[in-house]
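Residues per chain, in single letters:
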Amino acid sequence: MTAASTGGDRSARGVVRFSLLDHRTPLGKVIDVALLALNPVFVGLFVAETSAVSPATDALLWELEVAIALVFLVEYGLRLYGARNRVGEFFNGYTMVDLLAILPTLAVLALPLSAVGVNIGFLRVIRVVRVLRVYRFTRDAEFFFGTVTDNTLRAVKLLLTVLVIFFVSAGRFYSAEHAANPNVNTFGDAFYYTVVTLSTVGFGDILPVTTAGRWITVMTILAGIIVIPWQASESIKQWGHKERVNVTPPECGLSYHDADASHCKACGHVVYQEFDPRE
């Protein structure tokens, strides 16, 4: 690993920082793929644990949960260690999600059952927020190592937004309802309810019976009707500007003209920009 590849910083912190942020070198790709793959596995373990499984299977799922949580704990520590601004990294939204997702599992390990409380299942459901971690990999076109276009990246972000709302809402609904609602026995039941509710179908075969479940349903509906349309409109706006050129006349300040425009349509100012009519 050269000094140029690490941004000129060949210290231990510089190497750690580069390894966690890099998308191009073999080591960077291995780290990215491993972390990206472990996220759905970590969330999937919670989904599996809500189903009726044998004691041996339940013990195996717990061991896998602990192992993955420890991997994420190491990554969290290394990310703080290698950060140029450790305070800023600690309060970074993605970093706080990382910590929040593993804290319940670590609490079970570190504290006696009486200290943790009998409702530890409610805490462990917080793991579903780990799906938010995937957004860290979609911040720019380096997603999938620079092999996707900006438009594909926007579509991925929109799909992730929908899935995140479904998963997080279903996890919260399950934690609030499964002990009191005979129709909510697994995460799958909660996920089914969330999809049916957000799609406005509303079969009525599953209804919230707790106050918390009703408020979670309200917040889920509000998130669905606000966040998803906003994300979709932003994507459509960016797609509409793709073929335009950012030239701004000083007279009116209008930006993003058509690629073959010779004059500004607002003020008539001559707009010079190279354009190939064969494209």
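The structure presented is a predicted model; accordingly, all values stated were derived computationally and were not measured.

**Some details on the environment of V195**
Step number 1: Structurally, the position occupied by V195 is in helix 9 (residues 187-198).
Step number 2: Since its relative accessible area comes to 28%, V195 is described here as partly exposed.
Step number 3: Each C-alpha atom, one on V195 and one on I165, is 9.7 Å from the other, the two residues being 30 residues apart in sequence.

**Considerations on the packing of helix 1 (residues 12-21) against helix 3 (residues 55-82)**
Step number 1: As a packed pair, helix 1 and helix 3 sit with axes 8 Å apart at the nearest point and diverge in direction by 125 degrees. Relative to helix 3, helix 1 is oriented oblique. Two packed elements cross with a definite hand, and for helix 1 against helix 3 that hand is left-handed. In this structure, helix 1 contributes A12, R13, V16, R17, L20 and L21 to the contact, and helix 3 contributes E75, L78, R79, Y81 and G82.

**Considering helix 2 (residues 26-49)**
Step number 1: A rise of 1.5 Å per residue sets the reference length of helix 2, with its 24 residues, at 34 Å; its end C-alpha atoms lie 35 Å apart and thus fit the reference within 8%.
Step number 2: Residues of helix 2 that are buried include every one of G28, D32, L35, N39, F42, V43, L45, F46 and E49, and no others.

**Quick word on the packing of aromatic side chains**
Step number 1: For the coordinates displayed, the defined rule picks out seven aromatic pairs.
Step number 2: Their ring planes at 90 degrees and their centres at 5.4 Å tell us that F42 and F72 sit as a pair that is edge-to-face. Pair noted here: F42 is in helix 2 and F72 is in helix 3, with a separation of 30 residues, a long-range link. Comparing F42 with F72 shows no difference in burial state: the two are buried.
Step number 3: Among the aromatic residues, those joined into a ring-pair cluster are F166, F167, F187 and F191.

**Considering helix 3**
Residues that lie three or four places apart on an α-helix share one face, since the helix turns once every 3.6 residues.
Step number 1: The terminal C-alpha atoms of helix 3, which comprises 28 residues, lie 41 Å apart, in line with the 40 Å expected from a rise of 1.5 Å per residue.
Step number 2: Turning to helix 3, its buried residues are L61, E65, V66, I68, A69, F72, E75, Y76, R79, L80 and G82.

**Focus: the confidence of the model for the chain**
Step number 1: Mean pLDDT over the chain works out to 76, with 67% of the residues at or above the 70 mark.
Step number 2: Within the chain, the lowest mean pLDDT, 46, falls on helix 6 (residues 113-116), and the highest, 91, falls on helix 9.
Step number 3: Contacts of residues 114-119 to residues separated by more than four positions or lying in other chains number three contacts, the stretch itself having pLDDT below 50.

**A word on the side chain of S175**
Step number 1: Mapping S175 onto the fold places it in helix 8 (residues 150-177).
Step number 2: According to the relative accessible area criterion, S175 is buried, its value standing at 13%.
Step number 3: In terms of polar contacts, S175 uses its side chain to reach the backbone carbonyl oxygen of R172, at 2.7 Å.

**Quick word on the packing of helix 3 against helix 5 (residues 93-110)**
Step number 1: Where helix 3 meets helix 5, the axes come as close as 9 Å, and the angle between the chain directions of the two elements is 135 degrees. Put simply, helix 3 runs oblique to helix 5. Of the two possible hands of crossing, helix 3 and helix 5 adopt the one that is left-handed. On helix 5, the residues that touch W62, E65, V66, A69, L70, F72, L73, Y76 and R79 of helix 3 are T95, D98, L99, I102, T105, L106, V108 and L109.
Step number 2: Of the residues belonging to the contact of helix 3 with helix 5, the class tally is twelve nonpolar, two polar and three charged.

**Topic: unusual backbone geometry**
Step number 1: Notably, T200 is not glycine yet its phi reads approximately 65 degrees, a positive angle.
Step number 2: For T200, the location among the structural elements is in the loop between helix 9 and helix 10 (211-240).
Step number 3: Under the relative-accessibility criterion, T200 is labelled exposed at 69%.

**Thoughts on a nonpolar patch on the surface**
Step number 1: On the surface, W215, V218, M219, I221, L222, I225, I226, V227 and W230 cluster together to form a nonpolar patch covering roughly 890 Å² of accessible area.
Step number 2: Tracing the chain through its elements places M219 in helix 10.
Step number 3: Here M219 falls in the partly exposed class, since its relative accessible area comes to 44%.

**Comments concerning the nonpolar core**
Step number 1: Within the largest apolar cluster, eleven residues are counted, these being F46, A170, F173, Y174, A176, V184, F187, A190, Y193, I206 and I216.
Step number 2: Going through the elements one at a time, helix 8 and helix 9 are the ones with two or more residues in this core.
Step number 3: In terms of residue count, helix 8 provides more of this core than any other element does, four residues in total.
Step number 4: Leaving out residues up to four positions away in the same chain, Y193 has contacts with F173, I206, P208 and T217.

**Overview of the pattern of salt bridges**
Step number 1: Inspection of every chain in the model, using the stated rule, returns one salt bridge.
Step number 2: Measuring nitrogen to oxygen at the nearest pair gives 2.9 Å for the salt bridge that ties R79 to E75. Of this pair, R79 and E75 both sit in helix 3, separated by four residues, roughly a single helical turn.
Step number 3: Exposure remark for R79: the relative accessible area of 9% places this residue in the buried category.
Step number 4: E75 sits in the buried class, given a relative accessible area of 5%.

Procedures and definitions
- Residues numbered from 1 in each chain as written.
- Predicted model: local features only at pLDDT ≥ 70, side-chain atom pairs only at ≥ 80, totals over all residues.
- Heavy atoms only, no water.
- Helix = DSSP H or I, 4+ residues; strand = E, 2+ residues; numbered from the N terminus.
- Buried < 20%, exposed > 50% of the residue type's maximum accessible area, 1.4 Å probe, protein only.
- Axes fitted to C-alpha atoms, helices over the stretch in contact; angles between N-to-C directions.
- Parallel < 35°, antiparallel > 145°, perpendicular 65-115°, else oblique.
- Left-handed = near helix turned anticlockwise from the far one by under 90°.
- Contact = heavy atoms within 4.5 Å.
- Expected span 1.5 Å × (residues − 1).
- Phe/Tyr/Trp six-rings, centres within 6.5 Å; stacked < 30°, edge-to-face > 60°.
- pLDDT = per-residue confidence, 0-100.
- Polar contact = N/O pair within 3.5 Å; in protein donor to acceptor, adjacent residues only side chain to side chain.
- Nonpolar A, V, L, I, M, F, W, Y, C, P; charged D, E, K, R; others polar.
- Patch = residues over 30% accessible without salt bridge, like charges linked within 9 Å, V, L, I, M, F, W, Y side chains within 5 Å.
- Areas by Shrake-Rupley, 256 points an atom, 1.4 Å probe, with all protein chains shown as cover.
- Salt bridge = Lys/Arg side-chain N within 4 Å of Asp/Glu carboxyl O.
- Core = buried A, V, L, I, M, F, W, Y, C linked by side-chain atoms within 4.5 Å.

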